[in-house]
Amino acid sequence: MKNIVILISGRGSNMEALIKAREQGELPVNIAAVISNQASAKGLETAANAGIATRVLAHGDFPTREAFDAALCDVIDPFSPDLVVLAGFMRILTPAFVKHYENRLFNIHPSLLPAFPGLHTHRQALAAGVTTHGCTVHFVTAELDHGPIVIQASVPVLADDDEARLAARVLHEEHRIYPQAVRWFAEGRLQVVNGLVQVAAAEPGARQG
Ligand code: GAR
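The structure reproduced in this document is the subject of the present report.

Parameters and conventions
- Residues numbered from 1 in each chain as written.
- Predicted model: local features only at pLDDT ≥ 70, side-chain atom pairs only at ≥ 80, totals over all residues.
- Heavy atoms only, no water.
- Pairing = 2+ DSSP bridges.
- Helix = DSSP H or I, 4+ residues; strand = E, 2+ residues; numbered from the N terminus.
- Salt bridge = Lys/Arg side-chain N within 4 Å of Asp/Glu carboxyl O.
- Buried < 20%, exposed > 50% of the residue type's maximum accessible area, 1.4 Å probe, protein only.
- 1 Å grid on protein atoms, 1.4 Å probe; cavity = no way out; pocket = protein on both sides within 12 Å on 5 of 7 lines; lining within 4 Å.
- Points joined across faces, edges and corners; volume = space filled by probe spheres on them.
- Nonpolar A, V, L, I, M, F, W, Y, C, P; charged D, E, K, R; others polar.
- Axes fitted to C-alpha atoms, helices over the stretch in contact; angles between N-to-C directions.
- Contact = heavy atoms within 4.5 Å.
- Phe/Tyr/Trp six-rings, centres within 6.5 Å; stacked < 30°, edge-to-face > 60°.
- Near = heavy atom within 4 Å.
- Polar contact = N/O pair within 3.5 Å; in protein donor to acceptor, adjacent residues only side chain to side chain.
- Areas by Shrake-Rupley, 256 points an atom, 1.4 Å probe, with all protein chains shown as cover.
- Sits in = over half its atoms within 2 Å of the grid points.

1. Some words on the pairing of strand E8 (residues 190-193)
Argument step 1. Pairing of E8 with strand E9 (residues 196-199), which is carried by four bridges, proceeds in the antiparallel orientation. Among the inter-strand pairings, Gln 191 is bridged to a residue of E9, identified as Gln 198.
Argument step 2. Connecting the antiparallel pair E8 and E9 is a turn made up of two residues, with Asn 194 showing a positive phi of about 50°.

2. Focus: the pattern of salt bridges
Argument step 1. Under the counting rule described, the total for this entry stands at seven salt bridges.
Argument step 2. One salt bridge in this structure joins Lys 99 and Glu 102, with 2.9 Å as the shortest N-O distance.
Argument step 3. The class of Lys 99 is exposed, set by a relative accessible area of 56%.
Argument step 4. With a shortest N-O distance of 2.9 Å, Glu 187 and Arg 189 are connected by a salt bridge.
Argument step 5. In this structure Glu 187 comes out as partly exposed when scored by relative accessible area, which is 30%.
Argument step 6. A relative accessible area of 11% means that Arg 189 is categorised as buried.

3. Details of the layout of surface pockets
Which parts of space are left empty comes out when a probe the size of a water molecule is rolled across the atoms.
Argument step 1. In this structure, the largest pocket encloses a volume near 870 Å³.
Argument step 2. Around the largest pocket, the lining is made up of 36 residues, and of these Gly 88, Met 90, Ile 108, His 109 and Pro 110 lie nearest the centre.
Argument step 3. Sorting the residues of the lining of the largest pocket by element identifies helix H1 (13-23), strand E5 (105-109), helix H5 (121-128) and helix H6 (163-186) as the ones contributing at least two each.
Argument step 4. Considering every element that reaches the lining of the largest pocket, the biggest residue donor is H6, with five residues.
Argument step 5. When grouped by side-chain class, the residues that make up the lining of the largest pocket number 16 nonpolar, 14 polar and six charged.
Argument step 6. If you add up the space inside the second largest pocket, you get close to 170 Å³.
Argument step 7. Lining of the second largest pocket is provided by Val 98, Lys 99, Glu 102, Asn 103, Phe 139, Val 140, Thr 141, Ala 142, Pro 148 and Val 192.
Argument step 8. Taken together, the residues of the lining of the second largest pocket sort by class into six nonpolar, two polar and two charged.

4. What to know about the sheet that holds strand E1 (residues 2-8)
Argument step 1. Strand order across the open sheet formed by seven strands is E3-E2-E1-E4-E5-E6-E7, with mixed pairing between neighbours. With partners counted over all chains shown, the strands left at the sheet margins are strand E3 (53-56) and strand E7 (149-156), one partner each. Across the sheet, the mean angle from the axis of one strand to that of its neighbour is 20°, orientation sign disregarded.
Argument step 2. This element, H6, spans E1, strand E2 (29-36), strand E4 (83-86), E5, strand E6 (132-139) and E7 of the sheet and lies at about 155° to E7.

5. Describing the packing of aromatic side chains
Argument step 1. Tallying each qualifying case throughout the model produces four aromatic pairs.
Argument step 2. Ring geometry for Phe 62 against Phe 68: centres 5.7 Å apart, planes inclined by 65°, an arrangement best described as edge-to-face.
Argument step 3. With a centroid separation of 5.8 Å and 75° between ring planes, the pair formed by Phe 106 and Phe 185 is classed as edge-to-face. Remark: Phe 185 occurs in helix H6 and Phe 106 occurs in strand E5; sequence separation between them is 79 residues.
Argument step 4. We classify Phe 106 as buried; its relative accessible area is 0%.
Argument step 5. Through successive ring pairs, a cluster of aromatic residues spans Phe 106, Phe 139 and Phe 185.

6. Structural notes on the site of the ligand
Argument step 1. Near the ligand the following residues occur: Arg 11, Gly 12, Ser 13, Asn 14, Gly 88, Met 90, Ile 108, His 109, Pro 110, Asp 145, Leu 171 and Glu 174.
Argument step 2. The backbone of Gly 12 places a nitrogen or oxygen atom 2.8 Å from an oxygen atom of the ligand.
Argument step 3. At a separation of 2.5 Å, an oxygen atom of the ligand approaches a polar side-chain atom of Ser 13.
Argument step 4. Within the complex, 87% of the 450 Å² of free accessible area of the ligand lies under protein.
Argument step 5. The cavity where the ligand resides is the largest pocket.
Argument step 6. Breaking the shell around the ligand down by element, the ones donating at least two residues are H1, E5 and H6.
Argument step 7. Residues of the shell around the ligand, tallied by class, amount to four nonpolar, five polar and three charged.

And the structure:
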């Protein structure tokens, strides 16, 4: 079974969706550890309650981004991850970190990339007047909020939406597509060819995604 390590910075609801999918037998992975750069991250408690190893590495304790990312690799690697899953991990990653986990680093972003990279994506979507918004799971590359797209889900933007209502509608879809993407990875069905993700068909008789 593949090992995954999840990185969080806060609430951890996407992490929780992965834990739930695993508990329900829908995600054949071992969640080896949950690591946060914030000691106060609520998700740490959720992970510990689920019996998952947790670690905290405070970025403020390091003089540079490079030093933090190198130390983070040293915390992650003993868990032998096949896949590192960024789930609301609010850090810009160094090229060295991204290279180290090349083709085994996932991120979820609350927009239909390449639209609205960065922060406040729901506010950006409302300001742009788009009628469709959503979320994206992608392999991480050195460019922020870019990289081969694994799966996206879209939601309508409604006339009376505010940021909170739109965020909740998108988050619901995040919780659906992140376990799906990790399951495809765990089943060995993903391949990146010329910067694009190919999803192989499921084995005959296997559970359909
Ligand atoms: C999620 O909406 C996730 O897509 C977003 O942070 C939230 C974390 O929520 N990530 C980013 O914006 C990364 N660029 P969670 O802690 O409840 O999973």
